[in-house]
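# Observations on chain architecture
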Amino acid sequence: MTRRSLFGTARFARALATTSIRSAMALRASFWMQVVFMVLNNFTFLVFWWALLAKVPSIRGWRLADVAVLYGVTAAGFGLAVTFFGGALQLGRTIDDGELDPLLVQPKPTLLYAAGSRSLASGLGDFASGIALLALSGQVSVWRAPLALLAIVTSGLVFIASTTIFQSLTFWLGRSEAFARQLWDATLNFSLYPEPLFGGGLRLLLFTIIPAGFVGYVPANLVRHPSAAGASLAVTAALAYVALAHWVFRRGLKRYASGSRFGVFG
């Protein structure tokens, strides 16, 4: 890809994201209700940990501030992902229903078009509450803010990459949206708990097939214990999962059966 085409794709992604967000905000009352309720939901989760850690100072070295960082990074990364690439959550249905047809004739990348075609309003609530939790943790100073942003971005990239892989299984398994959703939910749920709670084979699973480790633990540790090695690991893992997602989707397209639909997209 030349520099010119790369910049063109970046401009297209920005325009697509802007259009998707504006579409999500069309019904303003519903939009702000989703945002507010998501913020309340996220802080309710922290209250659970506050009640637990009020009786037990730490759990395997994790204190309330550490949990706030973990949940803040994960929530903000999730929010960033579904705000700009919410269409990835419905990619399996799009494939199974043959709705990729109008996207395949577009000059821009099909996966980018499909993933960026939808924005979830609740994602902004996740992002806002995640930033608030990071601020309340007391572990994000002005000097650590760039690292916190890097952690959020890498978390969001792994989120989107993993759901793209899960949803792309539809190319081989047929309608498997429920299965893909279960894998996505497992990734999200496991990423919200401190890493030391898991061990053995389960820990290996959480750093491979279900990448909760790279969604939550690794980015959170980058904020808690800043280091060049930690930043390198988070970035490398994010780029690797994005590359894998792109490869899986491209391989799946070779098996795609057209829905024989006619329509205009854009």
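Residues numbered from 1 in each chain as written. Predicted model: local features only at pLDDT ≥ 70, side-chain atom pairs only at ≥ 80, totals over all residues. Heavy atoms only, no water.

Our next topic: the packing of helix α3 (residues 64–85) against helix α12 (residues 212–224). The interhelical angle for the contact between α3 and α12, taken along N-to-C directions, is 120 degrees, at an axis separation of 8 Å. For the element pair α3 / α12, the angle class is oblique. Between α3 and α12 lies a crossing whose hand is right-handed. Facing Asp 66, Val 69, Leu 70, Val 73 and Thr 74 of α3, the residues of α12 in contact are Val 215, Gly 216, Tyr 217, Pro 219, Ala 220, Val 223 and Arg 224. Residue composition of the contact of α3 with α12, grouped by class: eight nonpolar, two polar and two charged. (Axes fitted to C-alpha atoms, helices over the stretch in contact; angles between N-to-C directions. Helix = DSSP H or I, 4+ residues; strand = E, 2+ residues; numbered from the N terminus. Parallel < 35°, antiparallel > 145°, perpendicular 65-115°, else oblique. Left-handed = near helix turned anticlockwise from the far one by under 90°. Contact = heavy atoms within 4.5 Å. Nonpolar A, V, L, I, M, F, W, Y, C, P; charged D, E, K, R; others polar.)

Now for the side chain of Ser 155. Here Ser 155 is to be found in helix α8 (residues 145–168). Under the relative-accessibility criterion, Ser 155 is labelled buried at 0%. Setting aside chain neighbours within four positions, we find Ser 155 in contact with Val 73, Thr 74, Gly 77, Phe 214, Val 215 and Pro 219. (Buried < 20%, exposed > 50% of the residue type's maximum accessible area, 1.4 Å probe, protein only.)

What follows deals with the packing of aromatic side chains. Scanning all chains against the criterion turns up ten aromatic pairs. Each ring, one from Phe 78 and one from Phe 159, has its centre 5.4 Å from the other, and the planes form 75 degrees; the classification is edge-to-face. Here Phe 159 lies in helix α8 and Phe 78 lies in helix α3, a separation of 81 residues in the sequence. Across this residue pair, the class does not change: Phe 78 and Phe 159 are buried. Here the aromatic rings of Phe 159 and Trp 184 are separated by 5.3 Å at their centres, their planes lie at 50 degrees, and the arrangement is tilted. Residue Phe 159 is found in helix α8, and its partner Trp 184 is found in helix α10 (residues 177–190); the two are separated by 25 residues along the sequence. On the basis of relative accessible area, Trp 184 is assigned to the buried category, the value being 2%. Among the aromatic residues, those joined into a ring-pair cluster are Phe 171, Trp 172, Phe 249 and Tyr 256. The ring centre of Trp 62 lies 4.1 Å from the NZ or CZ of Arg 224, which sits over that ring. (Phe/Tyr/Trp six-rings, centres within 6.5 Å; stacked < 30°, edge-to-face > 60°. Lys NZ or Arg CZ within 6 Å of the ring centre and 35° of its normal.)

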